[in-house]
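# Coordinates in review
What follows is each chain in one-letter form.
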Amino acid sequence: MSDLGDGCESGGVTGAGQDSEADGEPPQPTAAAGGEEGAPPSPKRPRRSEEEEDQDGQEKPPPSEHEGAEGAQQGGEEEEEEEQQRWEGCHQNGDPEEEEEEEGGRSDRSADSPTGEQHLGLDFTHDPQMLTGSWTEFSKFTENYLKGCKWAPDGSCVLTNSADNVLRLYNLPPEVYSYSWGALSEMSPVLRMAEGDTVYDYCWYPNMNSVEPDTCFLASSSRDNPVHVWDAFYGDVRATFRPYNHLDELTAAHSLCFCPDGTRLYCGFEKTVRVFHTERPGRDCEERPTMVKRRGQNGIISCFAFSPCQSVYACGSYSRCAGLYSCQDGALLALLPTLHHGGITHLLFSPDGNYLYTGGRKDPEILCWDLREPGKVVFSLKRNVTTNQRIYFDLDPSGKYLLSGDTEGGVSVWDTQTAPPDGEEGLLQPQLRFQAHWDCTNGISLHPFMPLLVTSSGQRQFPWPDDSDSASDTEVEAAAAAPQQEARQDNALTLWWAGPLAAPAEESREEPAQTD
């Protein structure tokens, strides 16, 4: 769809990316190995039929063609025929005994599905264990620090952004599924997607599933470039969205986010949100100003978040405020007070949609807002952010744990279900804090359904001033400080195990579980 396909840097990784993507599939399909061979599990149709029977005892499931023919020939015996057809309808794909066994397998898989809170198994009573990571990849260029990391929605791979303007895709090592941690080696990217300039933002298509290649794509925005949609299997540009300003000049989006069903792509600009239809690349879009007649949300829209329960989305801006908008027409519903010390760079809704977490640059706090009383701060979370760099934070699917890095390389874990002091606004103390990197931990992302955590690190390093006319003792001090600055650089992507230690220890091999 675009003539920008030659901007990617897939090289010799095309085949490897596809094979690795197949090897790194999420454990949902593999868990269905107990069913029939060669046929994908289809728990929805039979289960819905049985539930309809339980709820509506007089309603029968749709009959097969054979049953419809018999019903047309035998129209007299109604009650017995209905009973017979119900039984045959529930078991038309096999014998009753085989179907019962298969249905039992489905029930087990449903209990262990990724959406189940018990399947995540996070345990923050101890420090997470470092499994592996990627370091060599980011040491080939000077100051190639990372700028964030994001798990794919299906958990099969990780996407990173770095200072060399290259988006890298890492498959989850298959050894992680079998707890073969001693066999883990350093991770290498299977795809590299090179943008033309500084990457402003990037996001996954929310319905991404590695089993369906058509859904495997992501969007990115960079300076002086249109929004690119990248194929996550081959690294090619699938399509472009081209936003233009009032002078009909191409302008770059500062933030990106797909709506929950993936049908629309929201792009943030100064005092404006532009909405593109995912299935219609090009320049056609809907413009939604956030500032009308000097009223509304000012500044550049820096980040988005969508409510999981209502048709509402939140926008953060560099003007230090956040606003809530209607998904239907973009009408402003509420404007939160300006309490942050710096521009908002990241925000998240709680899974129940009642709370909104916001964090800013050069701001030491993450604020938790109660959206049932807009403007009320429930509690704040203290973290060390002393630069303009975007420092991400993340919530687990249950909304219990919130994790964030800081500019000192540490990661803090808060239990958001802990009541603030005296039920009033207060500072919530972290349940756990551990040192993840020697440099700034800017990116953090929790796996969708496994107790895994990825972190990214690095920041721009400014050299010490070198004055040739200074005294000799000053030169000595600068020379002594140089090795410390060199040692502080830590540009890496790291994979952590954040689950219980006992279960993996029983299934692990002879090698120790933790690798250095």
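See the structure printed just above.
Small disclaimer: the values here were computed from a predicted structure and weren't measured.

Within the secondary structure, Thr240 sits in strand β9 (residues 237–241). The exposure class of Thr240 is buried, given its relative accessible area of 4%.

On to the pattern of salt bridges, then. For the structure on display, the rule yields 13 salt bridges. Lys150 is paired through a salt bridge with Asp201; the nearest N and O atoms lie 3.8 Å apart. Placement of Lys150 in strand β2 (residues 146–151) and of Asp201 in strand β6 (residues 199–204) is noted, with a sequence separation of 51 residues between them. Accessibility expressed as a relative area gives 7% for Asp201, which makes it buried. For Arg168, the salt bridge is made with Asp164, and the minimal N-O distance between the two is 2.7 Å. Under the relative-accessibility criterion, Arg168 is labelled buried at 3%. The partly exposed category is assigned to Asp164, whose relative accessible area is 21%. A single salt-bridge network, built from bridges that share partners, covers Glu137, Lys140, Asp164, Arg168 and Arg192.

Overall, mixed pairing links the five strands, which are arranged β20-β21-β22-β23-β27 in an open sheet. Edge positions in the sheet fall to β20 (344–349) and β27 (426–428), since each of these pairs with one other strand and no more. Strand-to-strand twist of the sheet, defined as the mean angle between neighbouring strand axes without regard to direction, takes the value 25°. Note: strand β23 (residues 376–382) against β27, three bridges, orientation parallel. Paired with Ser380 across the strands is Leu427, a residue of β27.

Parameters and conventions
- Residues numbered from 1 in each chain as written.
- Predicted model: local features only at pLDDT ≥ 70, side-chain atom pairs only at ≥ 80, totals over all residues.
- Heavy atoms only, no water.
- Helix = DSSP H or I, 4+ residues; strand = E, 2+ residues; numbered from the N terminus.
- Buried < 20%, exposed > 50% of the residue type's maximum accessible area, 1.4 Å probe, protein only.
- Salt bridge = Lys/Arg side-chain N within 4 Å of Asp/Glu carboxyl O.
- Pairing = 2+ DSSP bridges.
- Axes fitted to C-alpha atoms, helices over the stretch in contact; angles between N-to-C directions.

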